[in-house]
Amino acid sequence: MPAHVSTLQLIGMAALTLATVAWAVVVTRLLRRNRREALAWHAARVALPAFPRQLKAAPLRETVELTPAEQDAFAGLVRRLGGRSGRRGH
């Protein structure tokens, strides 16, 4: 026992150390229990047969062929919206 430390200080330090260890044990057990409950809840949620299976892939991409008149109209619209017409405000 060091000479400059009183008995009361040593008892206080031992009590704080014991409280810290007890707190760490309790927190560890709570976290483990909550993790087990969360895993069990997730497993029960995934196994619900009432919900249909979700598609993993996106739907197929659709394309439409444009007539030459539609292509020209679209090109004119792109030029107008892109600011290539040279006029502002129209």
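Residues numbered from 1 in each chain as written. Predicted model: local features only at pLDDT ≥ 70, side-chain atom pairs only at ≥ 80, totals over all residues. Heavy atoms only, no water.

Asks: It is not clear to me how the overall build of the protein should be interpreted in this structure. Could you clarify?
Replies: Scanning the protein for helices and strands turns up 2 helices and 0 strands. Taken over 90 residues, the protein has a buried fraction of 0%. (Helix = DSSP H or I, 4+ residues; strand = E, 2+ residues; numbered from the N terminus. Buried < 20%, exposed > 50% of the residue type's maximum accessible area, 1.4 Å probe, protein only.)

Asks: Which parts of the structure should I look at to understand a nonpolar patch on the surface?
Replies: A contiguous nonpolar patch, built from Val64, Leu66, Phe74, Leu77, Val78 and Leu81 and spanning about 630 Å² of accessible area, is present on the exposed surface. Structurally, Phe74 can be placed in helix H2 (residues 68-82). (Patch = residues over 30% accessible without salt bridge, like charges linked within 9 Å, V, L, I, M, F, W, Y side chains within 5 Å. Areas by Shrake-Rupley, 256 points an atom, 1.4 Å probe, with all protein chains shown as cover. Salt bridge = Lys/Arg side-chain N within 4 Å of Asp/Glu carboxyl O.)

Asks: Whenever I open this one, a positive patch on the surface confuses me. Can you help?
Replies: A cluster of basic residues, Arg29, Arg32, Arg33 and Arg36, forms a positive patch on the protein surface. You can see Arg32 is positioned in helix H1 (residues 7-46). (Lys, Arg positive; Asp, Glu negative; His and termini not counted. Charge placed at Lys NZ, Arg CZ, Asp CG, Glu CD.)

Asks: Please explain H2 as it appears in this structure.
Replies: Along an α-helix, residues three or four apart share an orientation, since each turn contains 3.6 residues. Under the 1.5 Å per step criterion, the end-to-end length of H2 is 21 Å for 15 residues, consistent within 8% with the ideal 21 Å. With respect to burial, H2 is a largely exposed element, only 0 of its 15 residues being buried. Remark: Gly83 follows H2 within two positions and exhibits a positive phi of approximately 80°. (Expected span 1.5 Å × (residues − 1).)

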